[in-house]
Amino acid sequence: MILIKSQTEIEKISTACRIVADVLERLKVFVKAGISTAEVETYAAKQIREKDAIPAFKGYRGYPSLVCISINDQIVHGIPSRKTMIKSGDIVSIDLGVMLDGFYGDGALTIPVGNISPGALRLVKVAEKALYIGIGKATVGNRVSDISATIQDFVESNGFSVVRAFVGHGIGCSLHEEPQIPNFGRPGQGPRLKEGMTLAIEPMVNAGGPDVKILDDGWTAITLDGSLSAHFEHTIVITKNGPKILTQTLTDLV
Ligand code: CO
């Protein structure tokens, strides 16, 4: 069942999402060559604590950290480590979810560090654009797979591929709710979108093929062919006037 959220619930989800966006915004500045992904996690933990929010990922199905940091050929669910150093030329995907007052927000972005290759930059831009054009399809009366199909078309027309093994999702009272939102598929399928649905849309885009492999840590998903991967995610609410992005900072809105 896809939950329709009340105005009060949407406000609470927005508050959680605002925190996600604020912390991601700070991480964009904090992430640099020469620091470890564990340092990024420590910084994120401090930011989340200051806002009195609860990290949503830690302990989720046994996930050991409160943020996912996935570098280069890592797609998603990279586990921060003191041994993983960020260097110039890396693309660093950071995925963060928080809970506040029982409601969840989820967002992700890929940060280019230092001098990245033109190919890597194009991948990051295409993944980000794919998210926004997918969000554009999240309107009342459309179906879930209208989001999926538009993301896939856009990514493939740019010569990249979409990951099939992980999907976007409903969100709000839990981190993951119905419906699943794949980043591939034919349009016109799946549930119809209604006002008050809150969704996390999250394309994962590979420079090479779509296939993934999970590392021995049981979490880190990497591209099977070793190609680069980028990930962007927003939590949105469907309104009668169209999709509204909730994982935005106040300054994003002006
Ligand atoms: Co998500």
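Coordinates for the structure precede this section.
Residues numbered from 1 in each chain as written. Predicted model: local features only at pLDDT ≥ 70, side-chain atom pairs only at ≥ 80, totals over all residues. Heavy atoms only, no water.

Caption draft 1: Geometry of unusual backbone geometry. A cis geometry characterises the amide bond from Glu178 onward to Pro179, with omega recorded as 0°. Even without being a glycine, His77 presents a positive backbone phi close to 65°. If you trace the backbone, His77 turns up in the loop between strand 3 (74-76) and strand 4 (91-100). Although it is not a glycine, Asp101 sits at a positive phi angle of roughly 55°. Inspection of the secondary structure assignment puts Asp101 in the loop between strand 4 and strand 5 (103-112). (Helix = DSSP H or I, 4+ residues; strand = E, 2+ residues; numbered from the N terminus.)

Caption draft 2: Fine view of the packing of aromatic side chains. Scanning the entire structure with this criterion turns up two aromatic pairs. Seen from their ring centres, Phe30 and Tyr43 are 4.0 Å apart, and the 0° between their planes marks the pair as stacked. In this pair, Phe30 sits in helix 1 (residues 7-30) while Tyr43 sits in helix 2 (residues 37-50), placing the two residues 13 residues apart along the sequence. Of the residues examined, Tyr43 reaches a relative accessible area of 22% and is grouped as partly exposed. Taking the centre distance of 4.9 Å and the plane angle of 85° together, the rings of Tyr63 and Trp219 count as edge-to-face. Of the two residues, Tyr63 sits in the loop between strand 1 (54-55) and strand 2 (67-71) while Trp219 sits in the loop between strand 11 (212-214) and strand 12 (221-223), which places them 156 residues apart along the sequence. Its guanidinium or amino end placed over the ring of Phe30, Lys32 lies 4.4 Å from that ring's centre, counting from NZ or CZ. Note that Arg164 overlies the ring of Phe184, its terminal NZ or CZ placed 5.5 Å from the centroid. (Phe/Tyr/Trp six-rings, centres within 6.5 Å; stacked < 30°, edge-to-face > 60°. Buried < 20%, exposed > 50% of the residue type's maximum accessible area, 1.4 Å probe, protein only. Lys NZ or Arg CZ within 6 Å of the ring centre and 35° of its normal.)

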